Amino acid sequence: MASLHLSSRFLATNTKKHGSISISHHYSPTPFTRLFSRKKFMSCSMSMNGCEGDFNTPLGTVETRTMSTVLSPTAATERLISAVSELNSQPPPFSSGVVRLQVPIDQQIGAIDWLQAQDEIQPRCFFSRRSDVGRPDLLLDLANDNENANGNGRGGSSDRDLVSVAGIGSAVFFRDLDAFSHDDWRSIRRFLSSKSPLIRAYGGMRFDPNGKISVEWEPFGAFYFSVPQVEFNEFGGSSMLAATLAWDDELSWTLENAIEALQETMLQVSSVVVRLRRESLGVSVLSKNHVPTKG
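Residues numbered from 1 in each chain as written. Predicted model: local features only at pLDDT ≥ 70, side-chain atom pairs only at ≥ 80, totals over all residues. Heavy atoms only, no water.

K.L.:
Pulling in residues and values, what's your account of the packing of helix α1 (residues 73-89) against helix α4 (residues 255-266)?
P.N.:
Where α1 meets α4, the closest approach of the two axes is 11 Å, and the angle between their N-to-C directions is 165°. Classified by the angle their axes make, α1 and α4 are roughly antiparallel. The two elements α1 and α4 cross, and the hand of that crossing is left-handed. Seen from α1, the contacting residues are Thr77, Leu80, Ile81, Val84, Ser85, Leu87 and Asn88; seen from α4, they are Ile259, Leu262, Gln263 and Met266. Taken together, the residues that form the contact of α1 with α4 break down as seven nonpolar, four polar and no charged. (Axes fitted to C-alpha atoms, helices over the stretch in contact; angles between N-to-C directions. Helix = DSSP H or I, 4+ residues; strand = E, 2+ residues; numbered from the N terminus. Parallel < 35°, antiparallel > 145°, perpendicular 65-115°, else oblique. Left-handed = near helix turned anticlockwise from the far one by under 90°. Contact = heavy atoms within 4.5 Å. Nonpolar A, V, L, I, M, F, W, Y, C, P; charged D, E, K, R; others polar.)

Spelled out as structure tokens, the structure:
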């Protein structure tokens, strides 16, 4: 799988400073690394650019709906497809919003294993904790423990148990050729809520936004963040499959558009998860150097 290795971060609800880089995190700041497909944003045309919206206008709703726990990814996929259809028949009465539908799975499954099964769907992202909990031989380690996280109805799993996240598709993306600004942050923040802490924007920005754009960065502009359409969360002892819809009539991307695009992606989602063996990847971690340090 051809991929682009970015130095990046995920955005949640509060902005803090750590050193000279502005980092956004729901609890405390930390840098991390991510894998993105090097393909251009063809799939992003099936979404909307949140930077083009009015960041001063709150969304009609930002919510998370949790289904009952199931025993397998297959059952979770079927339940999500059904939930999206139900949402289509009983749509929220808002002209803009974000709705996350999530199904807890009563077994721990590697998010990177699930992602490997989705090899035809773009764009894609991967995030993992900095600690060595879970799959240190396969993960690109990041993030810190979220000591103050709450359960938020995740079937017994809490934010602090989160090991890794795999995402495919784009419910909403944020991209511009100009350097990342506070207004861009406000555009992203508009689609996030502390009441739905697992709705997150994953991505990164160039260290020198004013310099010549290299070939690797051309598809990403000065920065690129995205809320995945379909997401697999690996917790300590359990897992979760989720789907997110985002819409804004003012951006000519309606709930009907979002549902149609998500249904198309869901039909491509594979429930066949085979645990990857380290030797099959042909790669290994030679050394780790976290800057700044976890402390």
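There is more to say, and it comes next.
K.L.:
Give me the lowdown on the environment of Arg275, citing residues and values where you can.
P.N.:
Here Arg275 shows up in the loop between α4 and α5 (278-281). Residue Arg275 is classed as exposed on the basis of its relative accessible area of 55%. Put simply, Arg275 and Asp113 are 162 residues apart on the chain and 5.4 Å apart in space, counted from C-alpha to C-alpha. (Buried < 20%, exposed > 50% of the residue type's maximum accessible area, 1.4 Å probe, protein only.)

K.L.:
Go over helix α3 (residues 182-189), please, and point to the residues and values.
P.N.:
Of all the residues in α3, the buried ones are Asp184, Trp185, Ser187 and Ile188. Buried residues along α3 cover an arc of 155° about the axis, so they all sit on one side. (Arc of directions from axis to C-beta.)

K.L.:
Describe the packing of aromatic side chains, listing the residues and the values that go with them.
P.N.:
Per the counting criterion, the structure on display carries eight aromatic pairs. Considering the side-chain rings of Trp114 and Phe232, the 5.5 Å spacing of their centres and the 20° angle between planes classify their relative orientation as stacked. Of this pair, Trp114 sits in helix α2 (residues 111-116) while Phe232 is found in strand β12 (residues 230-235), placing the two residues 118 residues apart along the sequence. Residue class for Trp114 comes out buried when judged on its relative accessible area of 1%. The class for Phe232 is buried, based on a relative accessible area of 0%. Aromatic side chains Trp217 and Phe220 sit 5.5 Å apart centroid to centroid with 75° between the ring planes, which places their arrangement in the edge-to-face category. Judged by its relative accessible area of 15%, Trp217 is buried. Of the residues examined, Phe220 reaches a relative accessible area of 2% and is grouped as buried. By the ring-pair criterion, three or more aromatic residues cluster together here, those being Phe173, Trp217, Phe220 and Tyr224. (Phe/Tyr/Trp six-rings, centres within 6.5 Å; stacked < 30°, edge-to-face > 60°.)

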